[in-house]
Amino acid sequence: MTQPNDLLPEGLEDRLPLEAARITAMMRACLDVLDAHGYDRVRPPLLEFEASLAGRMAGAVAGEARAMFRFVDPASLRTLALRSDMTPQVGRIAATSLKTAARPLRLAYCGDTVVIKASQLDPARERLQLGAELIGSDSVAAASEAVMLAVDALTAAGLTGISVDFTLPDLVDTLSAKAFPLSDGQIEAVRRELDTKDAGGLKAAGGAAYLPLLYATGPFETALAALRDVDAGGALKSRLDGLEAIAAHIGDAARITLDPTERHGFEYQSWFGFTLYAEGLRRAAGRGGTYRIAGSDEAATGFTLYLDRLADAAPQPEAARTCYLPLGHDRAAAAKLRAEGWRTRAQLAEGEDAPALRCGYILTATGPVELEQP
Ligand SMILES: N[C@@H](Cc1c[nH]c[nH+]1)C(=O)O
């Protein structure tokens, strides 16, 4: 019976066997792809000193951007936080324990993260992250590798209709530095109007020069051409050439779109960011981009998939046949079945109902025999 204490807090949920099986299958498939591409897995802890988690991403006001659960550690009396993103942890590892490891350094990770407050669009407060970080480079080659790897991982996880939306997270900073100057006060207003895609508001905020950016959105080729038409004294050329090269690298492995002013979720990414989508998903499948590890100022590129979100669209893995092992069964024969890929469920007491325990077979002296299903 459910007692009031059994209810889970808002935004947290149990994953029951069918869904958990999908998530596990995806996790294995994705980790295998990252491993095959030479990414070594690291396992940072679930919680750390808050200052470390909040301080490793240049530009990110981590505490604000992704409200972290914090509390005082009764042992050290210091403030600890639960991770809300694993990328800063991997950055810390690269800047400390693996400081002297050869670059580029390729690291993979998978683990749960939590946030205090979910967004309206996505009420989940727990997220299973799986990702890869390529440390020591934020070149076009590194970005191409990261995007391709993300697409390969999603494909291996059984997702289809994958699309990648490119963005230029520091676009307004770049343009306002010289080509389209803005005062400090105007910058925030212009960013806000670009976010809401409000042409009138943008003009009123003194950002008339930024208007063409609103229309340089959509399928990659046309959006890129529109962006190339924005004459910003050459300020955008190297970035746009970069995007073009990355898109060429992806080829037709995924559909590519461009939304140059999208910055939601890109708190620390620098010149290049991307959001991953797949058929059947209402929200982003993952996100990535180029950034600098604060403290060491090392360049890096990476991506994170939000694995539990993908569970809705991932195929149900085929469950192996399950064989019931009666009391006193031949244990060697049972071990042999498992080695051949069967699942077994062993009887513990008299009176059990094998079909109700979802066993399709029973082990007999002559091997597994199919059971009649209720
Ligand atoms: N960890 C970031 C994505 C990212 C990984 N590496 C670079 N960016 C996120 O979840 O939004």
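Residues numbered from 1 in each chain as written. Predicted model: local features only at pLDDT ≥ 70, side-chain atom pairs only at ≥ 80, totals over all residues. Heavy atoms only, no water.

Under an unreviewed UniProt entry, the protein has the name ATP phosphoribosyltransferase regulatory subunit and belongs to Erythrobacter ramosus.

Another aspect to go through is the overall build of the protein. When you go through the protein residue by residue, the secondary structure sums to 13 helices and 16 strands. In the protein, once contacts between residues fewer than 6 apart in sequence are set aside, the share between residues at least 24 apart is 65%. Surface accessibility of the protein: about 18800 Å² in total, with carbon and sulfur atoms responsible for 54%. (Helix = DSSP H or I, 4+ residues; strand = E, 2+ residues; numbered from the N terminus. Contact = heavy atoms within 4.5 Å. Areas by Shrake-Rupley, 256 points an atom, 1.4 Å probe, with all protein chains shown as cover.)

The next point concerns the site of the ligand. Surrounding the ligand, one finds 15 residues, the nearest of these being Asp 85, Thr 87, Tyr 268, Gln 269 and Thr 304. In the model, a nitrogen atom of the ligand is placed 2.8 Å from a nitrogen or oxygen of the Thr 87 side chain. At 2.9 Å from a nitrogen atom of the ligand is found a side-chain nitrogen or oxygen belonging to Glu 133. Out of a free accessible area of 300 Å², the ligand has 100% covered by protein chains. Breaking the shell around the ligand down by element, the ones donating at least two residues are strand E6 (126-135), strand E11 (286-293) and strand E12 (298-306). Partitioning the shell around the ligand into residue classes produces four nonpolar, seven polar and four charged. (Near = heavy atom within 4 Å. Polar contact = N/O pair within 3.5 Å; in protein donor to acceptor, adjacent residues only side chain to side chain. Nonpolar A, V, L, I, M, F, W, Y, C, P; charged D, E, K, R; others polar.)

This part takes up the packing of helix H10 (residues 220-228) against helix H11 (residues 237-250). Running from N to C, H10 and H11 cross one another at 170°; their axes reach a closest spacing of 11 Å. Taken together, the axis directions place H10 and H11 in an arrangement best described as roughly antiparallel. Remark: the crossing between H10 and H11 carries left-handed chirality. Contact residues: H10 offers Phe 220, Leu 224, Leu 227 and Arg 228, while H11 offers Lys 237, Leu 240, Asp 241, Leu 243, Glu 244 and Ala 247. (Axes fitted to C-alpha atoms, helices over the stretch in contact; angles between N-to-C directions. Parallel < 35°, antiparallel > 145°, perpendicular 65-115°, else oblique. Left-handed = near helix turned anticlockwise from the far one by under 90°.)

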